[in-house]
Amino acid sequence: MIVIENVLSPEVLAEATKALAEMRWEDGRKTAGATARRVKQNQQADLSTRAGAKVRDLLLDTVKRHPVVEAFARPLKFAPPLISRTGVGDTYGLHIDNPVMGKGETRIRTDLSFTLFLSPPETYEGGELEIETVFRTESVKLPAGSLVIYPSTELHRVAPVTAGERYVFVSWIQSAIRDAGQRAILFDIANLKAALARTFPQGSPELLNLAKTEANLIRMWADA
């Protein structure tokens, strides 16, 4: 699991927040799988409208372009995203995300899930994203514009909202690197490259050899 702060600029966050007030909302169970449908109680934005499609594309493009998302997730495909609204009394009980989503060209294997928070945490109570790991339950409630990426293999829930409204933008990623351990190695290398670039000049043997190692590992491990 990784938290990435300030994925959205203040300008993009303000534009998205304004769009939320103009959205048409529908029952969130419409897009849930058979198991999740029994525990899902929230609303989702209709993103088929012009306004909905505009904010969807704005947010997804911003996430896709973020260098830490690229280095950590190594995305190959993204599932169609959702914008969820969880109001007072709403919740999303413990569930596991579908292992495969979509059909045809949009079909993806869900390796990673992400939640991009759109509401300032002080505007609602409850609503924590709780992710069950082997060792403990991680409780996540981030500032507006920040994002968490976590393995889709983990059980997770959204705690009941007891005051205010919680807005989030969520989607799923099929990584080009299927194995989580291999992704972790590549993320370490990406961080090492960034650190060494502050010490060694561009084109130095150290940076070139590290870039060669990274490229050859990706060549060995990538699905495509």
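What counts and how
Residues numbered from 1 in each chain as written. Predicted model: local features only at pLDDT ≥ 70, side-chain atom pairs only at ≥ 80, totals over all residues. Heavy atoms only, no water. Buried < 20%, exposed > 50% of the residue type's maximum accessible area, 1.4 Å probe, protein only. Helix = DSSP H or I, 4+ residues; strand = E, 2+ residues; numbered from the N terminus. Pairing = 2+ DSSP bridges. Salt bridge = Lys/Arg side-chain N within 4 Å of Asp/Glu carboxyl O. Patch = residues over 30% accessible without salt bridge, like charges linked within 9 Å, V, L, I, M, F, W, Y side chains within 5 Å. Areas by Shrake-Rupley, 256 points an atom, 1.4 Å probe, with all protein chains shown as cover. Phe/Tyr/Trp six-rings, centres within 6.5 Å; stacked < 30°, edge-to-face > 60°. Lys NZ or Arg CZ within 6 Å of the ring centre and 35° of its normal.

**Student:** Please explain the pairing of strand β17 (residues 166–175) as it appears in this structure.
**Tutor:** For a regular strand, side-chain orientation follows a simple rule: the groups alternate between the two sheet faces. Judged by how many residues are buried, β17 sits mostly within the fold: ten of ten residues are covered. In β17, alternate side chains face the same way, and those of R166, V168, V170, W172 and Q174 on one face and Y167, F169, S171, I173 and S175 on the other are all buried. Pairing of strand β5 (residues 75–78) with β17 involves three bridges; the strand directions are antiparallel. From the neighbouring strand, K77 faces β17, where its bridge partner is Q174. With five bridges joining them, strand β6 (residues 82–86) and β17 adopt antiparallel strand pairing. When the sheet's bridge partners are listed, L82 is paired in β17 with V170. Where strand β10 (residues 112–117) lies against β17, six bridges are found, and the strand directions are antiparallel. Within β17, the position partnered with F114 by the bridge is S171.

**Student:** Help me understand the pattern of salt bridges, please; the structure alone is not making it clear to me.
**Tutor:** When the charged atoms of two side chains with opposite charge come close together, those side chains can pair. Counted according to the given criterion, the structure contains nine salt bridges. Between E15 and K54 there is a salt bridge, with its nearest N and O atoms 3.9 Å apart. Of the two residues, E15 is situated in helix α1 (residues 10–20) and K54 in helix α3 (residues 50–65); the sequence distance between them amounts to 39 residues. The exposure class assigned to E15 is partly exposed, which follows from its relative accessible area of 36%. On the accessibility criterion, K54 (56% relative accessible area) is exposed. A single network of salt bridges, built from pairs that share partners, joins R74, K193 and E214.

**Student:** Before we go on, may I ask you to explain a nonpolar patch on the surface in this structure?
**Tutor:** Side chains of L94, I96 and L155 sit close together on the surface and give an oily, nonpolar patch of about 220 Å² of accessible area. With respect to the helices, strands and loops of the structure, I96 is situated in the loop between β7 (91–95) and β8 (100–101).

**Student:** Just checking my understanding: could you explain the packing of aromatic side chains for this structure?
**Tutor:** One pass over the full model with this rule turns up four aromatic pairs. Their ring planes at 85° and their centres at 5.3 Å tell us that F72 and F187 sit as a pair that is edge-to-face. One end of the pair, F72, is in helix α4 (residues 67–73); the other, F187, is in helix α5 (residues 180–196), and 115 residues separate them in sequence. Each of the two residues, F72 as well as F187, counts as buried. Ring plane angle 70° and centroid distance 6.4 Å describe the contact between F78 and F114, whose orientation is recorded as edge-to-face. Taken together, the residues F78 in strand β5 and F114 in strand β10 connect sequence positions 36 residues apart. Given the relative accessible area of 18%, F78 is considered buried. A relative accessible area of 2% places F114 in the buried class. Put simply, the rings of F78, F114 and F169 pair up and form one aromatic cluster. Taking NZ or CZ as reference, K141 lies 4.3 Å from the ring centre of Y124, over its face.

Such coordinate-based values are descriptive only and should not be taken to indicate function.
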